[in-house]
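Observations on the model geometry
The residues making up each chain are set out below.
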Amino acid sequence: MTSAAPSLSSPVGVIAGGGAMPFAVADQLTARGITPVLFALRGACDPARAQRFRHRWISVGQLGRATRLFRDEGCRDLIFIGTLVRPALSEIRLDWGTLRLLGHVVRAFRGGDDHLLSSVGRILEQQGFRMVGIKDVAPDLLMPEGAVTRATPDGAALADIARGRGVLDALGPFDIGQAAVVIDGHVVAVEDIEGTDGLLARVARLRAEGRIRAKGGRGVLVKAPKSSQDLRFDLPTIGPRTVEGAAAAGIAGIAVIAGNTLAAEPQALIEAADARGLFVIGLAG
């Protein structure tokens, strides 16, 4: 798969948020003989894990400092990866480089997360950098098509998957979320600002309260990119934690779009799902 990726300049700058994905991407780059440089976001990226790699610390709102560091480290190609709690514009300490672009920055914050990321990406491209996506950098971390677990969806689950995809297609233009839980044809929850973990916790709570009366082991978490999304940024992600949440929510499995979903710690994900009898499947786009 990596042979199909476009040529990347080395080193590649990894703008690293929270979670395991920035380090998985850095490992994939290293395996390809490309030097990763982590630009670790303060308050998001794990400091201990960042120590394994060449890294510099940056803060949200300091575009001037960030672009200077990108150039100092010789990084023309950049990738955003990892989780980040969206800050309010009033909470950001802007540097002079950001203030010169303040109009662009304000417009970037007027919209959902995808609009914000794509807008910041365009600002960086105007500064002479090239924004690349996970497909370019680490395609082996993308979910393949078909079931990766011993369990597979039955007819009821396939119908729920189809309903979930329809719901996400309809919601995509509103930049709301990337996931929904459907049980026996009923859309019981849609992802919002709390993310997928919060979505699954909400379903578990509704089940515990008796608001969801369907028997356990039915229903599906469906995740898909938004229809207007720039696929270089903020792809849907699943991992072992998603499986734990799905099991606690009492659903049968997880369905995502193959080739457009990141699988964090894929072996641990599969083992966790098999241990709980859940299916995980990649759907044709």
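Presented here is a report on the structure given in the accompanying data block. (Residues numbered from 1 in each chain as written. Predicted model: local features only at pLDDT ≥ 70, side-chain atom pairs only at ≥ 80, totals over all residues. Heavy atoms only, no water.)

The next subject is the side chain of Asp274. Within the secondary structure, Asp274 is located in helix 11 (residues 266-276). The contacts of Asp274, once residues within four sequence positions are left out, are Thr149 and Arg150. (Helix = DSSP H or I, 4+ residues; strand = E, 2+ residues; numbered from the N terminus. Contact = heavy atoms within 4.5 Å.)

Before going further, it helps to spend a moment on the packing of helix 10 (residues 240-249) against helix 11. Where helix 10 meets helix 11, the axes come as close as 8 Å, and the angle between the chain directions of the two elements is 20°. By the angle between their axes, helix 10 is roughly parallel relative to helix 11. Note that helix 10 runs across helix 11; the crossing there is right-handed. Every residue of helix 11 that contacts helix 10 at Pro240, Val243, Glu244 and Ala247 is listed here: Ala268, Leu269, Ala272, Ala273 and Arg276. (Axes fitted to C-alpha atoms, helices over the stretch in contact; angles between N-to-C directions. Parallel < 35°, antiparallel > 145°, perpendicular 65-115°, else oblique. Left-handed = near helix turned anticlockwise from the far one by under 90°.)

The six strands are arranged 6-13-11-9-7-8 in an open sheet whose pairing can be described as mixed. For this open sheet the edge positions go to strand 6 (146-147) and strand 8 (186-190), each flanked by a neighbour on one side alone. Sitting on the sheet, helix 8 (residues 155-171) touches strand 7 (179-183), strand 8, strand 9 (220-223), strand 11 (253-257) and strand 13 (279-283), and the angle it makes with strand 9 is about 35°. (Pairing = 2+ DSSP bridges.)

Within the secondary structure, Thr196 is located in helix 9 (residues 195-208). The buried category is assigned to Thr196, whose relative accessible area is 10%. In contact with Thr196, other than residues within four places in its own chain, are Ala179, Glu191, Leu221, Lys223 and Thr242. (Buried < 20%, exposed > 50% of the residue type's maximum accessible area, 1.4 Å probe, protein only.)

With that settled, consider the pattern of salt bridges. Under the criterion given, the structure shown has 11 salt bridges. For the salt bridge of Glu73 with Arg54, the shortest nitrogen-to-oxygen distance reads 2.8 Å. Pair noted here: Glu73 is in the loop between helix 3 (63-72) and strand 4 (77-81) and Arg54 is in the loop between helix 2 (47-50) and strand 3 (55-58), with a separation of 19 residues, a long-range link. Between Arg150 and Asp274 there is a salt bridge, with its nearest N and O atoms 3.6 Å apart. Here Arg150, found in the loop between strand 6 and helix 8, pairs with Asp274, found in helix 11; they are 124 residues apart in sequence, far enough to count as distant. You can call Arg150 exposed: its relative accessible area is 67%. (Salt bridge = Lys/Arg side-chain N within 4 Å of Asp/Glu carboxyl O.)

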